[in-house]
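# Report on the structure
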Amino acid sequence: MDYRLSHIKQLESEAIFVMREVAAQFENPVLLFSGGKDSIVMLHLALKAFHPAKLPFPLMHVDTGHNFPETIEFRDKLVEKLGERLIVRLVQDSIDQGKVAEEKGMNASRNRLQIVTLLDGIEEFNFDACLGGARRDEEKARAKERFFSHRDEFGQWDPKNQRPELWNLFNGNKHFGENFRVFPLSNWTELDIWQYILWEGIELPSIYFSHKRRVFTRQGVLLAESEFVTVSEDEKVEERVVRFRTIGDMTNTGAVESPADSVEDIVREVASARVTERGARADDKRSETAMEDRKKEGYF
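Presented here is a report on the structure given in the accompanying data block. (Residues numbered from 1 in each chain as written. Predicted model: local features only at pLDDT ≥ 70, side-chain atom pairs only at ≥ 80, totals over all residues. Heavy atoms only, no water.)

### A look at the overall build of the protein
Helix and strand counts for the protein stand at eight helices and 10 strands. Counting across all 300 residues of the protein, residues that qualify as buried make up 53%. Pairs at least 24 apart in sequence give 74% of the contacts found in the protein among residues at least 6 apart. Counting only carbon and sulfur atoms, one obtains 50% of the accessible surface of the protein, whose full area is about 14300 Å². (Helix = DSSP H or I, 4+ residues; strand = E, 2+ residues; numbered from the N terminus. Buried < 20%, exposed > 50% of the residue type's maximum accessible area, 1.4 Å probe, protein only. Contact = heavy atoms within 4.5 Å. Areas by Shrake-Rupley, 256 points an atom, 1.4 Å probe, with all protein chains shown as cover.)

### A closer look at unusual backbone geometry
Negative phi characterises most residues that are not glycine, and trans characterises most peptide bonds. For the peptide bond that leads from His51 to Pro52, omega is 10°, which places it in the cis range. Looking at where Pro52 falls in the secondary structure, it is placed in the loop between helix H2 (37-50) and strand E2 (59-63). At Asn126, a residue that is not glycine, the phi angle is positive and equals roughly 60°. In this structure, Asn126 sits in the loop between helix H5 (114-125) and strand E4 (129-131). Residue classification places Asn126 among the exposed positions, given a relative accessible area of 57%.

### Describing the environment of Asn171
For Asn171, the position within the fold is in the loop between strand E5 (148-151) and strand E6 (179-182). Its relative accessible area of 33% is what places Asn171 among the partly exposed residues. In the structure, Asn171 is positioned 150 residues away from Glu21 in sequence and 9.8 Å away in space, judged by C-alpha atoms. Among residues more than four places away in sequence, those in contact with Asn171 are Gln25, Phe148, Arg163 and Phe180.

### What about the pattern of salt bridges?
Between side chains of opposite charge, a pair can form when the charged atoms approach closely. Applying the stated criterion across every chain yields a total of 22 salt bridges. The salt bridge partner of Glu257 is Arg240, with a shortest N-O separation of 3.1 Å. Taken together, the residues Glu257 in strand E10 (residues 256-257) and Arg240 in strand E9 (residues 238-243) connect sequence positions 17 residues apart. For Glu257, a relative accessible area of 52% gives the class exposed. Overall, the relative accessible area of 22% leaves Arg240 in the partly exposed class. Overlapping salt bridges bring together Lys9, Glu12, Lys48 and Glu200 as one network. (Salt bridge = Lys/Arg side-chain N within 4 Å of Asp/Glu carboxyl O.)

### A look at a nonpolar patch on the surface
Taken together, the side chains of Leu166, Trp167 and Leu169 make up a nonpolar region of the molecular surface, amounting to roughly 420 Å² of accessible area. Here Leu166 lies in the loop between E5 and E6. (Patch = residues over 30% accessible without salt bridge, like charges linked within 9 Å, V, L, I, M, F, W, Y side chains within 5 Å.)

### Re the nonpolar core
Core analysis: the largest hydrophobic core is formed by 56 residues, its most contacted members being Val41, Leu45, Phe148, Trp188 and Trp194. Broken down by secondary-structure element, the contributors of at least two residues to this core are helix H1 (3-25), H2, helix H3 (69-82), E4, E6, helix H6 (190-200), strand E8 (221-224) and helix H7 (263-271). Broken down by element, the residue count for this core peaks at eight residues, all from H2. Within the second largest apolar cluster, 13 residues are counted, among which are Met60, Val62, Leu113 and Cys130. (Core = buried A, V, L, I, M, F, W, Y, C linked by side-chain atoms within 4.5 Å.)

### Some details on the layout of surface pockets
A probe matching the size of a water molecule, rolled over the atoms, marks out where space remains unfilled. A volume near 330 Å³ is recorded for the second largest pocket. Ile40, Phe74, Leu78, Lys81 and Glu203 are, among the 16 residues lining the second largest pocket, the residues nearest its centre. Of all elements in the fold, only H2 and H3 reach the threshold of two or more residues within the lining of the second largest pocket. Top element by residues in the lining of the second largest pocket is H3. It accounts for seven residues. Here the lining of the second largest pocket is composed, by residue class, of seven nonpolar, three polar and six charged. (1 Å grid on protein atoms, 1.4 Å probe; cavity = no way out; pocket = protein on both sides within 12 Å on 5 of 7 lines; lining within 4 Å. Points joined across faces, edges and corners; volume = space filled by probe spheres on them. Nonpolar A, V, L, I, M, F, W, Y, C, P; charged D, E, K, R; others polar.)

### Quick word on the packing of aromatic side chains
What the rule picks out here adds up to 12 aromatic pairs. Ring centres of Phe17 and Phe170 lie 6.1 Å apart, and the angle between their planes is 45°; this geometry places the pair in the tilted category. With Phe17 in helix H1 and Phe170 in the loop between E5 and E6, this residue pair connects regions lying 153 residues apart in the sequence. Judged by its relative accessible area of 37%, Phe17 is partly exposed. Take Phe170: its relative accessible area is 9%, and that puts it in the buried class. Ring geometry for Trp194 and Tyr208: centres 5.8 Å apart, planes at 75°, overall edge-to-face. With Trp194 in helix H6 and Tyr208 in the loop between H6 and strand E7 (211-218), this residue pair connects regions lying 14 residues apart in the sequence. With respect to burial, Trp194 and Tyr208 carry one shared label: buried. (Phe/Tyr/Trp six-rings, centres within 6.5 Å; stacked < 30°, edge-to-face > 60°.)

### As for the pairing of E2
With five of its five residues buried, E2 lies for the most part within the structure. Note: strand E1 (residues 29-32) against E2, two bridges, orientation parallel. Counterpart to Leu31 in the pairing with E2 is Leu59. For the crossover from E1 across H2 to E2, the handedness is right-handed. (Pairing = 2+ DSSP bridges. Right-handed = clockwise from strand over helix to strand, strands pointing away.)

This is how it looks when you write it as structure tokens:
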């Protein structure tokens, strides 16, 4: 067997093992699903892990309302095709209820606001474990995560108070009101994800591939023109050939100029990249500890 395929198969087996541990240890887990490539891979792995049965947990998306329409359309079509249950909770509802306040200014984003919506969703359905597609290679704060990431009764994360995971033994014991965030893709890299997508023939939203889009540059990030972003007079909007390496809010997710219009092309491109995929996320550039601060508050 090709070494690269053997490596990917080992990662697949590890992720499936973690998912089955979640089903065994927790009473009411959920898989967080955004329609992005990592959550799509997570769903693909979950279907493998529990085949031929239905998934033992629902899917949930915390929708900021500022997502790329291609992603939401793909999300809904895929869930309908699979016949799985999707729970959607809206940041707009949290705003309307006065639980969070809309940010103001040129760089306003709803990214941080989704923390409250997520925590409310966990409490509403009494989820005791949330499966997510975060990977340790994405950002330095995420590199501190365990597979089973303990959260207190307020949904907060303490990076100095995480449990050891020797020999793949996972401790899901918790007190009432506490929960876990679980990351089966922890040891995967962006390149691993794309190689797995290639070998498994997994379908993705079109914006991961090269296409023409009207964009402008802000603080080194190539943002897409949209109704959610105010463009200043000195920012020039022009059509370029781009794709997106990661998908989030349209207000802070940057594109990269790229001719890669197939998974094979993307694998080659990622293999030679020198900037991480989150290097184009404006929300991570707000401070040196932006991601860690959000995670401590309950962000995924």
